[in-house]
Amino acid sequence: MNFGQVLTAMVTPFNHNEEVDFNATRTLVNYLIANGSDGLVIAGTTGESPTLTQEEKVDLFKFVVEVVDGRVPVIAGTGSNNTRASISLTRQAEAAGVDGIMLVTPYYNKPSQEGLFQHFSAIAHSTALPVMLYNIPGRSVVNMSVETIVSLSKINNIVAVKEASGDLDAMAQIISKTPSDFTLYSGDDGLTLPVLAIGGAGIVSVSSHIIGNEMQEMINSFKNGDVQGAAATHRTLLPIMKALFAAPSPAPVKSALNMRGLNVGGVRLPMVPLNEEEKRALQIALQPSNAEAILLNK
């Protein structure tokens with residue numbers, strides 16, 4: 001399945017009581033689709049999945065599928081460090097009508113590579129949906145090896161990996177050793193262009209909430225042979241990408257969306273909102289004078 005080249009790891013909007021705000025979710029979904037998102041990843045890390053209940057996740061899956069109405073793929077984050085719980089949520093996501101699932105490497109348990117293989121294999125075999133693996137050792141502590149990803153790519157419905165290890169050498173090996181229809185996405189906004197250069201397909205992005213069209217422009221320039229143009233866009237966008245990760249995500253991107261009039265609320269503990277100094281720094285980074293290609297009031 002082709003998920004697209006810019007997938008947005010969508011924040012979960014909350015109201016003033018820190019409950020899921022479905023009206024704001026509708027507005028955000030429509031905004032993202034109109035502004036560069038080829039697909040949406042729901043209830044991932046950026047969606048504050050650790051603080052969402054299973055019921056909230058399922059309700060969110062159903063609602064987003066309804067709002068999207070087939071316009072772009074909807075990928076549900078159903079991974080956890082509990083294989084049985086992930087299978088249960090995956091089956092509910094499939095019943096909700098999502099187009100695929102994303103499975104993060106199990107955190108805290110610190111499984112072996114064989115444990116990782118068995119975990120992902122068991123979930124994949126429990127569903128007919130296409131599966132995107134998600135390797136993020138910075139958050140999960142465990143790094144999925146090239147060999148494990150290659151082995152998992154032989155399972156028919158494991159079709160992609162979101163690689164957030166930052167290891168371009170490992171990514172190049174994954175691309176070389178997996179089937180031609182297996183897709184590698186960057187999990188780091190700032191590595192989008194380097195990952196494209198070694199054969200990656202695109203990005204599962206946080207920054208695309210704010211600069212989705214510009215990221216599409218960069219990728220299309222590269223794919224159309226305008227490497228210098230793509231590099232220039234990358235250099236322009238990089239300060240904004242960095243600003244959106246200057247504090248633990250998704251606090252900065254939620255603040256940026258609120259600044260743009262897309263009211264997505266705050267974050268749930270243990271995440272905390274930006275302080276005033278952090279907000280000022282973010283506002284400065286988002287000013288058009290500091291990023292010529294960014295038009296904040298499109």
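Everything below is about the structure shown above.
Heads up: these notes are all about the structure in this document. These numbers were taken from a predicted model, which means no experiment stands behind them.

**Things to note about the overall build of the protein chain**
Scanning the protein chain from N- to C-terminus turns up 12 helices and eight strands. Based on the C-alpha atoms only, the size of the protein chain along its principal axes is roughly 50 × 45 × 35 Å. Buried positions account for 55% of the 298 residues belonging to the protein chain. Partitioning the contacts of the protein chain with sequence separation of at least 6, the portion at a separation of at least 24 is 71%. Each charge sign in the protein chain was given a centre, from 20 positive and 27 negative side chains, and these centres are 2 Å apart.

**As for the layout of surface pockets**
Of the pockets and cavities examined, the largest pocket occupies roughly 550 Å³. Forming the walls of the largest pocket are 31 residues, and the residues nearest its centre are Thr 45, Ser 49, Pro 50, Val 104 and Tyr 107. Grouping the amino acids of the lining of the largest pocket by side-chain chemistry returns 16 nonpolar, 12 polar and three charged. Computed from the structure, the second largest pocket encloses a volume of approximately 250 Å³. Lining the second largest pocket are 16 residues, and of these Tyr 134, Ile 136, Gly 187, Val 206 and Phe 245 lie nearest its centre. Of the residues in the lining of the second largest pocket, the class split is seven nonpolar, five polar and four charged.

**A word on the packing of aromatic side chains**
Within the structure shown, the criterion is met by one aromatic pair. Note that Lys 162 overlies the ring of Tyr 134, its terminal NZ or CZ placed 4.0 Å from the centroid.

**Notes on the nonpolar core**
In this structure, Leu 40, Ile 42, Phe 61 and Val 64 are the most contacted members of the largest nonpolar core, which totals 80 residues. With seven residues, the top contributor of residues to this core is helix H2 (residues 54-68). With residues near it in sequence (within four places) discarded, Leu 40 still touches Thr 8, Met 10, Val 29, Leu 32, Val 64, Val 68, Val 72, Pro 73, Val 74 and Ile 75. Counting residues in hydrophobic clusters, the runner-up holds 15 residues, among them Ile 75, Val 104, Ile 136 and Val 204.

The rules behind these values
Residues numbered from 1 in each chain as written. Predicted model: local features only at pLDDT ≥ 70, side-chain atom pairs only at ≥ 80, totals over all residues. Heavy atoms only, no water. Helix = DSSP H or I, 4+ residues; strand = E, 2+ residues; numbered from the N terminus. Buried < 20%, exposed > 50% of the residue type's maximum accessible area, 1.4 Å probe, protein only. Contact = heavy atoms within 4.5 Å. Lys, Arg positive; Asp, Glu negative; His and termini not counted. Charge placed at Lys NZ, Arg CZ, Asp CG, Glu CD. 1 Å grid on protein atoms, 1.4 Å probe; cavity = no way out; pocket = protein on both sides within 12 Å on 5 of 7 lines; lining within 4 Å. Points joined across faces, edges and corners; volume = space filled by probe spheres on them. Nonpolar A, V, L, I, M, F, W, Y, C, P; charged D, E, K, R; others polar. Phe/Tyr/Trp six-rings, centres within 6.5 Å; stacked < 30°, edge-to-face > 60°. Lys NZ or Arg CZ within 6 Å of the ring centre and 35° of its normal. Core = buried A, V, L, I, M, F, W, Y, C linked by side-chain atoms within 4.5 Å.

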